[in-house]
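As a plain string of letters, each chain reads:
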Amino acid sequence: MAAEFLGLQRFLVLAATDEAGAAWVTVLTGPPGFATAVDDRTVIADRLPGTGDPLEGLFETERQVGVLAIEPAARKRMRVNGRGRRHGDRLLIRTEQVYANCPKHIQTRTYTDDSPAADRTALVTGELTADQQRWITAADTFFVGTYAAGLGADASHRGGNPGFVTVTDGGRLTWPDYVGNSMYMTLGNLELEPRCGLLFPDWENGHTLHLTGRARVDWDRDRAAAVPGAQRLVDFDVEEVVEVVGGLPQRWSFGAYSRFNPS
């Protein structure tokens, strides 16, 4: 079932670290079948991070990776964690963990078409621009990449109604941690290693916003009580920003918000 699900997907989220230990999240896309399980421990994706991507060129050597295969239209997702390296023009992943997650907080979206950018460019800054702040606060979905030395990397989904992520002073993001699958993969990694990466896709226009920085889980119940549905809050301090024009060479149309999203 896991191999069949993977082979049907057009959209994979990939998390890994650069040479300095900064965590980044990106997206690999293609037609159904671009990512396949060739045996029970090996996944191959016929794509590598592209021009301007913060993970571009980093898989000449094997490194820990977290992969999230997600099908927004059906609200299904599966995580594949292991070690990845370049194999020709493909990414080869030796799996260490494979498991499905619940459909909570996934907004439905439908793939419409492929529309690669004629001129893919990247803007790198140390802080968020005003437009990027608006991008984040209007988002209903983002992806987070975490890792812990010797224990592996992980890519996870976060969703809510627009405004569930807030930006303070252009440098700190805060989002609520809702009731989820209780596996604490993301929060557990952050307890051991605060460095993490975030990815905000522009589903309609085909761009990507990549952030790396450090996050801290705030377990203060009184502070969380002020945010509907929050079990706790996560604060993230931005250290570097990469905006890639054309980073998402697909278009997805919005369907509906998850019924689990707090108002």
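The structure under discussion appears in the preceding block.
Calculation notes
- Residues numbered from 1 in each chain as written.
- Predicted model: local features only at pLDDT ≥ 70, side-chain atom pairs only at ≥ 80, totals over all residues.
- Heavy atoms only, no water.
- Salt bridge = Lys/Arg side-chain N within 4 Å of Asp/Glu carboxyl O.
- Helix = DSSP H or I, 4+ residues; strand = E, 2+ residues; numbered from the N terminus.
- Contact = heavy atoms within 4.5 Å.
- Phe/Tyr/Trp six-rings, centres within 6.5 Å; stacked < 30°, edge-to-face > 60°.
- Buried < 20%, exposed > 50% of the residue type's maximum accessible area, 1.4 Å probe, protein only.
- Core = buried A, V, L, I, M, F, W, Y, C linked by side-chain atoms within 4.5 Å.

Engineer: What's the story with the pattern of salt bridges in this structure? I'm lost.
Structural biologist: A side chain of one charge can pair with a side chain of the opposite charge if their charged atoms are brought near each other. Here the structure, examined in full by the defined rule, presents 17 salt bridges. Taking the shortest distance from any N to any O, the salt bridge between aspartate 177 and arginine 232 comes out at 2.5 Å. Of this pair, aspartate 177 sits in strand E13 (residues 172-177) while arginine 232 sits in strand E16 (residues 232-245), and the two are 55 residues apart along the sequence. Aspartate 218 is the partner of arginine 216 in a salt bridge, and the nearest nitrogen-oxygen pair spans 4.0 Å.

Engineer: Would you explain the environment of glycine 163 in this entry?
Structural biologist: Examined against the element boundaries, glycine 163 turns out to sit in the loop between strand E11 (152-159) and strand E12 (166-168). Measuring from C-alpha to C-alpha, the distance between glycine 163 and valine 238 comes to 18 Å, with 75 residues separating the pair along the chain. Setting aside residues no more than four positions away along its own chain, glycine 163 makes contact with Thr137 and Ala139.

Engineer: Would you take a moment to explain the packing of aromatic side chains for this structure?
Structural biologist: Geometry of an aromatic ring pair is reported as the spacing of the ring centres plus the angle between the planes. As enumerated under the stated definition, the model contains 10 aromatic pairs in all. Taken together, a centroid distance of 6.0 Å and an interplanar angle of 45° make the contact between phenylalanine 11 and phenylalanine 143 tilted. One end of the pair, phenylalanine 11, is in strand E1 (residues 11-17); the other, phenylalanine 143, is in strand E10 (residues 141-148), with 132 residues separating them in the sequence. Seen in terms of ring centroids, tyrosine 111 and tryptophan 252 are 5.9 Å apart; in terms of plane orientation they differ by 70°. Their pairing is edge-to-face. Taken together, the residues tyrosine 111 in strand E8 (residues 108-114) and tryptophan 252 in strand E17 (residues 250-256) connect sequence positions 141 residues apart. Tyrosine 111 gets classed as partly exposed once you look at its relative accessible area, which sits at 23%. Here a set of aromatic residues connected by ring pairs shows up, and it is made of Phe11, Tyr111, Phe143, Trp203 and Trp252.

Engineer: It is not clear to me how the nonpolar core should be interpreted in this structure. Could you clarify?
Structural biologist: Soluble, globular proteins show a tendency: their nonpolar side chains are buried together. Ile136, Leu173, Leu198, Phe200, Leu211 and Phe236 are the most contacted members of the largest nonpolar core, which has 25 residues in total. Contributions of two or more residues to this core are made by helix H2 (130-137), E10, E13, helix H3 (185-192), strand E14 (195-202), strand E15 (207-218) and E16. Setting aside chain neighbours within four positions, we find phenylalanine 236 in contact with Gly171, Arg172, Leu173, Trp175, Cys196, Leu198, Leu211, Thr212, Gly213, Arg214 and Ala215.

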